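Read off the chains here:
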Amino acid sequence: MSKLNVLLIMCFPLVLASTVRAQGSPGGNNSELNGDYAFTFNGMTTGGGGASTVFASVGRFTADGAGNLTKGELDSNGVGPQERLSAQTFTGTYAIGADHRGVMTLNIPGGGRLAFAMMANGNAEFVEIDASGTGTVGSGSMEKADATAYNTARIMGDYAFGFAGLDGWNNRAAIAGRFTADGTGTFTNGAADVNQSGMYSTGAMFTAAYYSVSDPTTGRGMMILPPLVGGAPQNYNFVFYVVNAGKLFMMETDAVTIATPLLSGAVLQQQSPAGGFSNASLNGGMVMYLTGRSSGCGGTGGPAPNIVAGLLTGAGNGTLNLAYDQNCGGTITSVTGLFGTYGVTSNGRVTIRLGASYVAAYMVSFNQAFFIVPDSSVLFGFGEPQAAGSFTNSAVKGRYAGSTTSPAGLGVVIFSGEVTADGASPTGTISGVEDIGAPSGPSLQAVNATYTISSSPVNGRGTVGGSAVVYVVSPLEFVVVSLSDPNPAVLIFEQ
């Protein structure tokens, strides 16, 4: 991978550094990864020549704080039969350096070598780094798991969910929705919006669904969702691993075909107010970030990532204002002051009108939701409540773990890393190191860039590296999107 290509994709001015995976004393910070974890991963398998197919996995492990992994188990799915693993057990090792970056090796068929970046809460973001001309590339998250929730009875109440992925022809699909779980394995009050290769079904209701935590020692479970796209005859079969009673990491287990996509994502417990959600549940700022895959924009000569990040501000009364930046294969759109209307039903489903455009969402809690768009690129993503206050450079200060999320094409540079922001005004500096997992093989990059963030006209919006836009969620998190890259992705940084 050329240095210029890395410059474009990573948004920041980068300097090629060593290929050593961890700095300082490897293993010196192994205690940061300790306890039970669930993980989710999505990416692509490349056979060389620029071709790729969809791949995903979910699973769990126990880290001993001393560099060893035990009780590992994972499920994976892809186009090739060798990529389909079910409840595959594994052990492994890991080492975390002084800069909180680590490397992990999983003892699984085909191998699994990961680079990861630790957050202060003990969670981590990671990328796979064992491709060499061919192999798997992608990104994921490891989160501390609550073993006391490894029980069907603990999965009870109202939940929202969001899944996205590709089918056997690399056409994109996504589902967002909600259901009520009764704690015994049955769903009621199900509703979902589905976009499969541009074929959109809105507000589909369902009740014929099933779930079970089948293994109380690992938190592994199964879920069946009914046909949601045009009355298709098949059910959607998922495997999940429990993070806690309010969160599940899920992956579809059906064989990947032209008609059946490989979907993965999360289920989150809804925090609905008394009496249910209403227009008042969308009141204030929400930073939203969406990913799609388009064949109708940019000059890449093929399908290109379509990325949107922005600030949606609801008034609590059915009206909203949206500012956003979009990069569709290198074609840039930046909008401020876009007026819209919205309606929230009691189950958390949101309909948004922005001129002639339509967007649906399913709320998780106040100013937090899964988003799905009925467009041909199948835009899908998440919105998080922006913290109160006016944000300038001082809001981005300290150490952050960063990663590429939901890469939508093989040309996207996929990384995890650790950076430090100084919070200086009027111009701040952000620096650090990032591990890149590319089809051609892994590399290490140093980051050194300037940034500016303003509270007006869009609160918390700014620039970084001169060619990327940043939206601040809170002093603990910010989102970055390149405005100069024909293969963009959403980059998320969290303390």
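Higher on the page you've got the structure.
All of the points below concern the structure found in this document. (Residues numbered from 1 in each chain as written. Predicted model: local features only at pLDDT ≥ 70, side-chain atom pairs only at ≥ 80, totals over all residues. Heavy atoms only, no water.)

## Digging into the overall build of the protein
- Each helix and strand in the protein was counted, giving 1 helix and 34 strands.
- Against the globule reference of 23 Å for 495 residues, the protein gives a C-alpha radius of gyration of 21 Å, in line with a compact fold.
- Its C-alpha atoms give the protein principal-axis dimensions of about 55 × 50 × 45 Å.
- Among the 495 residues that make up the protein, the fraction classed as buried is 60%.
- A separation threshold of at least 6 residues defines the contact pool for the protein, and within that pool the share at least 24 residues apart is 55%.
- Surface exposure of the protein reaches about 16900 Å², of which carbon and sulfur atoms provide 55%.
- Across the protein, 19 positive and 29 negative side-chain charges occur, with their mean positions spaced 2 Å apart. (Helix = DSSP H or I, 4+ residues; strand = E, 2+ residues; numbered from the N terminus. Rg over C-alpha atoms; globule rule 2.2 N^0.38 Å. Buried < 20%, exposed > 50% of the residue type's maximum accessible area, 1.4 Å probe, protein only. Contact = heavy atoms within 4.5 Å. Areas by Shrake-Rupley, 256 points an atom, 1.4 Å probe, with all protein chains shown as cover. Lys, Arg positive; Asp, Glu negative; His and termini not counted. Charge placed at Lys NZ, Arg CZ, Asp CG, Glu CD.)

## Examining the nonpolar core
- Counting residues in hydrophobic clusters, the biggest one holds 43 residues, and the most contacted among them are Phe 161, Phe 179, Met 223 and Leu 225.
- The leading source of residues in this core is strand β16 (residues 236–244), at 7 residues.
- Residue contacts for Phe 161: discarding those within four places in its chain leaves Ile 175, Ala 176, Gly 177, Arg 178, Phe 179, Ala 191, Ala 192, Phe 206, Leu 225, Ala 266, Val 267 and Phe 370.
- Judged by nonpolar contacts, the second largest core, of 29 residues, contains Ala 160, Ala 164, Ala 191 and Val 479. (Core = buried A, V, L, I, M, F, W, Y, C linked by side-chain atoms within 4.5 Å.)

## Focus on the pattern of salt bridges
- Following the criterion strictly, the structure yields 9 salt bridges and no others.
- Residue Glu 418 pairs with Arg 399 through a salt bridge whose shortest N-O separation is 2.9 Å. You can see Glu 418 sitting in strand β28 (residues 414–422) and its partner Arg 399 sitting in strand β27 (residues 397–405), a full 19 residues away along the chain.
- Using a relative accessible area of 6% as the deciding quantity, one classes Glu 418 as buried.
- Judged by its relative accessible area of 27%, Arg 399 is partly exposed.
- Bridged by salt links that share partners, the residues Asp 99, Arg 101 and Asp 435 form one connected network. (Salt bridge = Lys/Arg side-chain N within 4 Å of Asp/Glu carboxyl O.)

## Brief notes about the sheet that holds strand β23 (residues 349–354)
- Read around the barrel, 8 strands follow the order β19-β20-β21-β22-β23-β24-β25-β26 and close on themselves; strand pairing throughout is antiparallel. Geometrically, the sheet is characterised by an average inter-axis angle of 30° between neighbouring strands, direction not taken into account.
- One ladder, built from 6 bridges, connects strand β19 (residues 283–294) with strand β26 (residues 380–385); its direction is antiparallel. Bridging across to β26, Tyr 289 finds its partner in Phe 382. (Pairing = 2+ DSSP bridges. Axes fitted to C-alpha atoms, helices over the stretch in contact; angles between N-to-C directions.)

## Details of the side chain of Asn 459
- Within the secondary structure layout, Asn 459 lies in the loop between β30 (441–454) and β31 (461–464).
- Looking at Asn 459, the relative accessible area reads 16%, which means it is buried.
- A distance of 2.8 Å separates the side chain of Asn 459 from the backbone oxygen of Gly 389, its partner in a polar contact.
- Ignoring anything within four residues of it in the chain, the contact list for Asn 459 reads Leu 311, Gln 386, Gly 389, Ser 390, Phe 391 and Ser 454. (Polar contact = N/O pair within 3.5 Å; in protein donor to acceptor, adjacent residues only side chain to side chain.)

## Details of the state of the cysteines
- Tallied over the entire structure, the rule returns 1 disulfide.
- Here Cys 297 connects covalently by a disulfide to Cys 328, the sulfurs 1.8 Å from one another. Taking the sign of the S-S torsion, -75° for the link of Cys 297 and Cys 328, the bridge is left-handed. With Cys 297 in the loop between β19 and β20 (304–315) and Cys 328 in strand β21 (residues 319–328), this pair connects stretches of sequence that are 31 residues apart.
- On the basis of relative accessible area, Cys 328 is assigned to the buried category, the value being 9%. (Disulfide = S-S within 2.5 Å.)

## Section: the packing of aromatic side chains
- Scanning the model with the defined rule gives 15 aromatic pairs in all.
- Here the aromatic rings of Phe 41 and Phe 55 are separated by 6.1 Å at their centres, their planes lie at 70°, and the arrangement is edge-to-face. Of this pair, Phe 41 sits in strand β2 (residues 34–48) while Phe 55 sits in strand β3 (residues 51–64); the two residues are 14 residues apart in sequence, bridging distant segments of the chain.
- Exposure remark for Phe 41: the relative accessible area of 2% places this residue in the buried category.
- Chaining the aromatic ring pairs together yields one cluster made of Tyr 159, Phe 161, Phe 163, Phe 179, Phe 187, Tyr 211 and Phe 238. (Phe/Tyr/Trp six-rings, centres within 6.5 Å; stacked < 30°, edge-to-face > 60°.)

## With respect to the sheet that holds strand β18 (residues 262–269)
- Across the sheet, 9 strands lie side by side as β13-β12-β11-β10-β18-β17-β16-β15-β14; this open sheet has antiparallel pairing. The open sheet has two free edges, formed respectively by β13 (199–206) and β14 (210–215), since each of these has just one partner strand. If you compare each strand with its neighbour and ignore which way they point, the axes differ by 20° on average.
- Bridge analysis of strand β10 (residues 156–166) against β18 gives 8 bridges, and the strand direction is antiparallel. Looking at β18, one finds that Gly 162 is bridged to Ala 266.

## Topic: the pairing of β16
- The buried count for β16 comes to 7 of 9 residues, which makes it a mostly enclosed element.
- Looking at chain direction, strand β15 (residues 220–225) and β16 are connected through 6 bridges and run antiparallel. Pairing of Met 223 across the sheet is with Phe 238, part of β16.
- Counted between consecutive antiparallel strands, the loop separating β16 from strand β17 (residues 247–252) contains 2 residues.

## Description of the layout of surface pockets
- In this structure, the second largest pocket occupies an estimated 500 Å³ of space.
- Contributing to the lining of the second largest pocket are 25 residues, with Phe 55, Ile 108, Pro 109, Gly 111 and Glu 128 lying nearest its centre.
- When residues of the lining of the second largest pocket are traced back to their parent elements, those giving at least two are β2, β3, β4 (68–78), β6 (101–106), β7 (112–118), β8 (124–128) and β9 (135–144).
- Tallied by class, residues from the lining of the second largest pocket come to 13 nonpolar, 9 polar and 3 charged. (1 Å grid on protein atoms, 1.4 Å probe; cavity = no way out; pocket = protein on both sides within 12 Å on 5 of 7 lines; lining within 4 Å. Points joined across faces, edges and corners; volume = space filled by probe spheres on them. Nonpolar A, V, L, I, M, F, W, Y, C, P; charged D, E, K, R; others polar.)

## Focus on the environment of Gly 265
- Checked against the element boundaries, Gly 265 lands in strand β18.
- With 91 residues separating them in the primary sequence, Gly 265 and Ala 356 have C-alpha atoms 29 Å apart.
- Not counting residues up to four positions away in its chain, the partners in contact with Gly 265 are Gly 162, Phe 163, Leu 248, Phe 249 and Met 250.

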